[in-house]
Amino acid sequence: MMDENKAARGGCLRILQWQMKVPEKPAEALERAEDACRRARELDADLVCLPEMFCCPYVTEKFPVYAEGEDGETARACASLAKEYGVYLSAGSMPERGADGRVYNTAYVFDRAGKRVAKHRKMHLFDIDVAGGQSFRESDTLSAGGGITVFDTEFGKMGLCVCYDFRFPELARLMALRGAELILVPAAFNMTTGPLHWELMFRAQAMFQQVFAVGTAPSWDAAADYQSWGHSIAVDPWGRVLAQMDEGEGGQLVVLDLAETERVRAQIPLLRHRRTDIYTLHAPEQSYFDGEERSQ
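The present account deals with the structure reproduced in this document.

So, how was this worked out
- Residues numbered from 1 in each chain as written.
- Predicted model: local features only at pLDDT ≥ 70, side-chain atom pairs only at ≥ 80, totals over all residues.
- Heavy atoms only, no water.
- Helix = DSSP H or I, 4+ residues; strand = E, 2+ residues; numbered from the N terminus.
- Buried < 20%, exposed > 50% of the residue type's maximum accessible area, 1.4 Å probe, protein only.
- Contact = heavy atoms within 4.5 Å.
- Patch = residues over 30% accessible without salt bridge, like charges linked within 9 Å, V, L, I, M, F, W, Y side chains within 5 Å.
- Areas by Shrake-Rupley, 256 points an atom, 1.4 Å probe, with all protein chains shown as cover.
- Salt bridge = Lys/Arg side-chain N within 4 Å of Asp/Glu carboxyl O.
- Core = buried A, V, L, I, M, F, W, Y, C linked by side-chain atoms within 4.5 Å.
- Phe/Tyr/Trp six-rings, centres within 6.5 Å; stacked < 30°, edge-to-face > 60°.
- Pairing = 2+ DSSP bridges.
- Right-handed = clockwise from strand over helix to strand, strands pointing away.
- Axes fitted to C-alpha atoms, helices over the stretch in contact; angles between N-to-C directions.

## A short note on the side chain of Thr 261
Part 1: You can see Thr 261 is positioned in helix H7 (residues 259-267).
Part 2: Assessed through its relative accessible area of 1%, Thr 261 is described here as buried.
Part 3: Setting aside anything within four residues of it in sequence, one finds Thr 261 in contact with Glu 181, Gln 210, Phe 212 and Pro 237.

## Let's talk about a nonpolar patch on the surface
Part 1: A cluster of nonpolar side chains, namely Trp 238, Ile 268 and Leu 270, defines an oily patch on the protein surface of about 230 Å² accessible area.
Part 2: On the secondary structure map, Ile 268 appears in the loop between H7 and strand E15 (288-290).
Part 3: The class of Ile 268 is partly exposed, set by a relative accessible area of 41%.

## Brief notes about helix H5 (residues 169-177)
Part 1: Among the residues of H5, Leu 171, Ala 172, Arg 173, Leu 174, Met 175 and Ala 176 are the ones counted as buried.
Part 2: The first or second residue beyond H5 is Gly 179, which carries a positive phi of 105°.

## Quick look at the nonpolar core
Part 1: Ile 15, Phe 166, Leu 182, Leu 184 and Phe 202 are the most contacted members of the largest nonpolar core, which has 49 residues in total.
Part 2: Not counting residues up to four positions away in its chain, the partners in contact with Ile 15 are Leu 47, Cys 49, Leu 182, Val 214, Gln 252, Leu 253, Val 254 and Leu 256.
Part 3: Judged by nonpolar contacts, the second largest core, of 26 residues, contains Ala 45, Val 48, Leu 50 and Ala 82.

## Things to note about the pattern of salt bridges
Part 1: The tally for this structure, following the rule as stated, stands at 21 salt bridges.
Part 2: Here Glu 138 and Lys 122 are joined by a salt bridge, their closest N and O atoms 3.0 Å apart. Of the two residues, Glu 138 sits in the loop between strand E7 (135-137) and strand E8 (148-153) while Lys 122 sits in the loop between strand E5 (116-121) and strand E6 (127-129), which places them 16 residues apart along the sequence. Each member of the pair, Glu 138 as well as Lys 122, carries the same accessibility label: buried.
Part 3: The residue Glu 199 makes a salt bridge to Arg 203 at a minimum N-O spacing of 4.0 Å. Highlighted residues: Glu 199 and Arg 203, both in helix H6 (residues 193-209), separated by 4 residues, approximately one helical turn.
Part 4: The partly exposed category is assigned to Arg 203, whose relative accessible area is 39%.
Part 5: In this structure, a network of salt bridges that share partners links the residues Glu 70, Glu 96, Arg 116, Lys 119 and Arg 121.

## Looking at the packing of aromatic side chains
Part 1: Enumeration according to the criterion identifies 11 aromatic pairs in this entry.
Part 2: An angle of 70° between the planes, with centres 4.4 Å apart, marks the rings of Tyr 58 and Tyr 226 as edge-to-face. In this pair, Tyr 58 is assigned in the loop between strand E2 (47-49) and helix H3 (63-66) and Tyr 226 in the loop between strand E11 (212-216) and strand E12 (233-235), connecting sequence segments 168 residues apart. Judged on exposure class, the residue Tyr 58 and its partner Tyr 226 are both buried.
Part 3: Taken together, the ring pairs in this structure connect Tyr 58, Phe 63, Phe 126, Phe 136, Tyr 164, Phe 168 and Tyr 226 into an aromatic cluster.

## Description of the pairing of strand E9 (residues 156-160)
Part 1: Of all 5 residues in E9, 4 are buried; the element is thus mostly enclosed.
Part 2: Taken together, the 5 bridges between E8 and E9 define a ladder with antiparallel strand orientation. Bridge pairing in E9 places Thr 153 opposite Gly 156.
Part 3: Connecting E8 to the antiparallel partner E9 that follows it, the hairpin turn spans 2 residues.
Part 4: In this sheet, strand E10 (residues 182-186) lies alongside E9 in parallel orientation, the contact comprising 3 bridges. Bridge pairing in E10 links Leu 160 to Leu 184.
Part 5: This β-α-β element, E9 to H5 to E10, shows right-handed connectivity.

## Some words on the sheet that holds strand E1 (residues 12-19)
Part 1: Spatially, 6 strands are ordered E5-E4-E3-E2-E1-E14 in an open sheet, and the strand pairing comes out mixed. Every interior strand has two partners, whereas the edge strands, E5 and strand E14 (250-257), have only one. Averaged over all pairs of adjacent strands, the angle between their axes in this sheet comes to 25°, without regard to strand direction.
Part 2: Bridging between strand E4 (residues 103-110) and E5 involves 5 bridges; their strand directions are antiparallel. Bridge pairing in E5 links Thr 106 to Arg 121.
Part 3: Strands strand E3 (88-97) and E4 of the sheet are contacted by helix H4 (residues 73-85), whose axis makes an angle of about 175° with E3.

Shown next, in the form of structure tokens:
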């Protein structure tokens, strides 16, 4: 049935990016997530993307307070929404308390049947101090993951990482080498880094790795302790911006022809032209996880 749906669409993937304010109560965040899934069904979208920490204020000391196990109430609710509305749900990210007692910034993806098909723990922690701008230390309460996440869908292989992860070209390249044609990035750039680097980063990574890059952020909220830049974005493998929101709340529908990835790579074969006789990019095989990250 799913393959028939893909064929009927000519292989195109319809994504609804949902840029929302992050409420204090997870139950309210789930209501907004359901609004997104309901809207996706109206628009015949295949995939719904939520922002980083969509159910928890982006404040370091609150991550342990909001943290749940990987089968916690919020994750189970997201799985149920995916199944009820028949969509893939990239459930942004949420604070996860691992079996080791540590807290992680974790992204999940659920398929149309509500099955979890991907889990990624943010591996690069956002510890920055910009002179005259933003200062933030995720490592005060979060631990780093260690998985490179690529997973299969009816549309092809997708990669998954979280916000600051996408600044590292090595990680994006490893996902591309594992076959990712699209990289999903729940993210929350701030009012310092957003104007400078948000669009630049997505265009650069999409162009260098020859993938579609889709970044979904919370909307700007003047009352929030951490103010998100918003500007959820979708970029094609040429590095062209297909769609970008402003800072406000709302949804953005983008339609992607993932076959464009193969066409671009055939015309400018960056991955084949790498000089692996001179340089290599290596990651231990156990760090690659097709579907979900294993226990640390």
